[in-house]
Amino acid sequence: MYCTRKVTDDLLWVGADDRRLAMFEGVYSVPDGVSYNSYLLLDEKTVLFDTVDHAVEKVFLENIEHGLDGRSLDYLVIHHMEPDHSATMKAILAIYPDVTVVCNKKIQGMINQFFGENVVKNYHLVGEGDTLETGKHKLTFLMAPMVHWPEVMVSYDSVDKILFSADAFGTFGALNGALFADEVDFFGDYLGEARRYYTNIVGKYGTQVQALLKKAATVEIGMICPLHGFVWRRNIGDYVEKYQQWSRYEPEVTGVMIAYASVYGNTENAANILACKLREKGIKTKVFDVSVTASSEIVAAAFEYSHLVFASTTYNAGIFISMDELLRDISSHNLQNRTVAFIENGSWAATSGKLMREIIGGLKNMNILESTVSIKSSLKESQLSEIDALADAIAATMPAPTPSSRRP
Ligand code: FEO
């Protein structure tokens, strides 16, 4: 049975939630599920914006059949070829063989790559700024390469002021019956998952997201329809501002994220003592055990916090496995503009500090504090002064609190 929601009088959400997926893209846990959004415009011509993942194909096809109510499908706009949005395209082509696929040249190439040549009978290729009139509505296509793949484009309905934003402005989390962000407490309940989605999916491509935001700023936007998560129709500026911050690699929180890798608890002990000392100075802290918390959550926290401390034991003459993976993950997501310090541990020949420094040192605009606290097996009373000195050095780089950032 179909399950749809009205976005506007002639635009229908025909997507679906997936709560059975364990790992999105095989990497990111989605404990609260994820939605695959698709939209059906019922103008003089009918237009389907993107398809969905295989997992929800059955209800998706029922949604479209219900939405079309006997009409044919005239256009299928493909914004992004990643299979969470394109996997059911072949089913659409089988049911509506005369549909015209609207896409750019790169998307056409990827359709051939995924499905083989000649699966599409009719193409309407578009480039930057090209338009398509569907009756009352007029769509303008804007290229958005690397948000999140090279072929990505977005489209703008200049009549209803709707931006179909592809992966941009998405979030993890099922919709659970809500469609609009203003139907839930988005900033209270979903911002963490939106940040984890942004940082892990498109975090690497801040420059390209900035380019898209610049293009979007040239038109009046009354609604954003992304491919995952909620439709935005109110307080759009608040969410756009988050995208501005994230894509400029600006921290949201002045404070210290401490991530540690500890085999027998001694490196953890040093990390906890540092956290206590920072809190005593009134500095906000968040501490993660990298062997327990998934990398995607720590990557998101690294984007959130202004200061990062990585504490790792030495393992096989290198960085402990889970810390090595985290640092490379952070590095491949192109994090920038942070103050960073290190704690290393080694019962003999500690090397993790130097090696962690090399990975983070390769990132742009990182202020890496000079001294590494080096522990031999466990922290000694005599070394507490070094932790104090590290806390002092971190505090010295903290901006003075502004009246708005003070907490009671
Ligand atoms: Fe939701 Fe890049 O696909």
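To keep things clear, this report deals only with the structure shown in the data block. Just so it is clear, the model here is predicted, and its values are computed rather than measured.

What about the sheet that holds strand β11 (residues 122-125)?
Remark on secondary structure: sheet strands pair via backbone hydrogen bonds, oriented parallel or antiparallel. Overall, mixed pairing links the seven strands, which are arranged β1-β2-β7-β8-β9-β10-β11 in an open sheet. Edge positions in the sheet fall to β1 (5-8) and β11, since each of these pairs with one other strand and no more. Averaged over all neighbouring strand pairs, the angle between strand axes comes to 25°, with direction disregarded. Pairing analysis gives three bridges linking β1 to strand β2 (residues 11-13), with the strands arranged antiparallel.

Brief notes about the pattern of salt bridges
Under the defined criterion, the tally for this structure stands at 18 salt bridges. The salt bridge partner of R248 is E241, with a shortest N-O separation of 4.0 Å. Taking the relative accessible area as the measure of exposure, R248 reaches 34% and is therefore partly exposed. Judged by its relative accessible area of 41%, E241 is partly exposed. Connected through shared salt-bridge partners, R195, K242, E252 and E304 make up one network.

What to know about the environment of L61
For L61, the position within the fold is in helix α1 (residues 57-68). In this structure the C-alpha to C-alpha distance between L61 and S312, which are 251 residues apart in sequence, comes to 50 Å.

Re the environment of A393
In this structure, A393 sits in helix α12 (residues 384-396). The class of A393 is partly exposed, set by a relative accessible area of 32%. Separated by 87 residues in sequence, A393 and S306 place their C-alpha atoms 14 Å apart.

Some thoughts on the state of the cysteines
Scanning the model with the defined rule gives zero disulfides in all. For the unlinked cysteine C3, the closest cysteine sulfur is that of C225, found at 17 Å. On the accessibility criterion, C3 (47% relative accessible area) is partly exposed.

Here's the deal with the layout of surface pockets
The volume enclosed by the second largest pocket comes to roughly 300 Å³. Lining the second largest pocket we find 17 residues, and of these T313, T314, G346, S347 and W348 sit closest to its centre. Take the lining of the second largest pocket: its biggest share by element is three residues, from strand β19 (residues 305-315). Per-class residue counts for the lining of the second largest pocket are six nonpolar, 11 polar and no charged.

Description of the pairing of strand β15 (residues 162-166)
The buried fraction of β15 is high, at five of five residues. Neither face of β15 is left uncovered, since the one carrying I162, F164 and A166 and the one carrying L163 and S165 both have all their residues buried. Sheet topology note: the strand β14 (residues 153-157)/β15 ladder contains three bridges and is antiparallel. Within the sheet, the bridge partner assigned to S155 lies in β15 and is F164. With antiparallel pairing between neighbouring strands as the criterion, β14 and β15 make up a hairpin whose turn holds four residues, including K161 at a positive phi of roughly 60°. Bridge count between β15 and strand β16 (residues 223-226): four bridges; the pairing is parallel.

As for the sheet that holds β15
Reading across from one edge, β12-β13-β14-β15-β16 is the order of the five strands in this open sheet, with mixed pairing throughout. The sheet terminates laterally at β12 (131-133) and β16, the two strands that pair on one side only. Each neighbouring strand pair of the sheet contributes to a mean axis angle of 20°, computed without reference to strand direction.

Quick look at the packing of aromatic side chains
For the structure shown, the criterion picks out 24 aromatic pairs. Ring geometry for Y249 against F303: centres 5.7 Å apart, planes inclined by 45°, an arrangement best described as tilted. Placement of Y249 in the loop between α7 (236-247) and β17 (253-261) and of F303 in helix α9 (residues 295-304) is noted, with a sequence separation of 54 residues between them. The pair formed by Y249 and F303 is uniform in burial state, with each residue classed as buried. Here the aromatic residues F169, F186, F187, Y190, Y198, F230, W232, Y239, Y243 and W246 are joined through ring pairs into a cluster of three or more.

Reading guide: rules and limits
- Residues numbered from 1 in each chain as written.
- Predicted model: local features only at pLDDT ≥ 70, side-chain atom pairs only at ≥ 80, totals over all residues.
- Heavy atoms only, no water.
- Pairing = 2+ DSSP bridges.
- Helix = DSSP H or I, 4+ residues; strand = E, 2+ residues; numbered from the N terminus.
- Axes fitted to C-alpha atoms, helices over the stretch in contact; angles between N-to-C directions.
- Salt bridge = Lys/Arg side-chain N within 4 Å of Asp/Glu carboxyl O.
- Buried < 20%, exposed > 50% of the residue type's maximum accessible area, 1.4 Å probe, protein only.
- Disulfide = S-S within 2.5 Å.
- 1 Å grid on protein atoms, 1.4 Å probe; cavity = no way out; pocket = protein on both sides within 12 Å on 5 of 7 lines; lining within 4 Å.
- Points joined across faces, edges and corners; volume = space filled by probe spheres on them.
- Nonpolar A, V, L, I, M, F, W, Y, C, P; charged D, E, K, R; others polar.
- Phe/Tyr/Trp six-rings, centres within 6.5 Å; stacked < 30°, edge-to-face > 60°.

The values are spatial; any link to function lies outside them.
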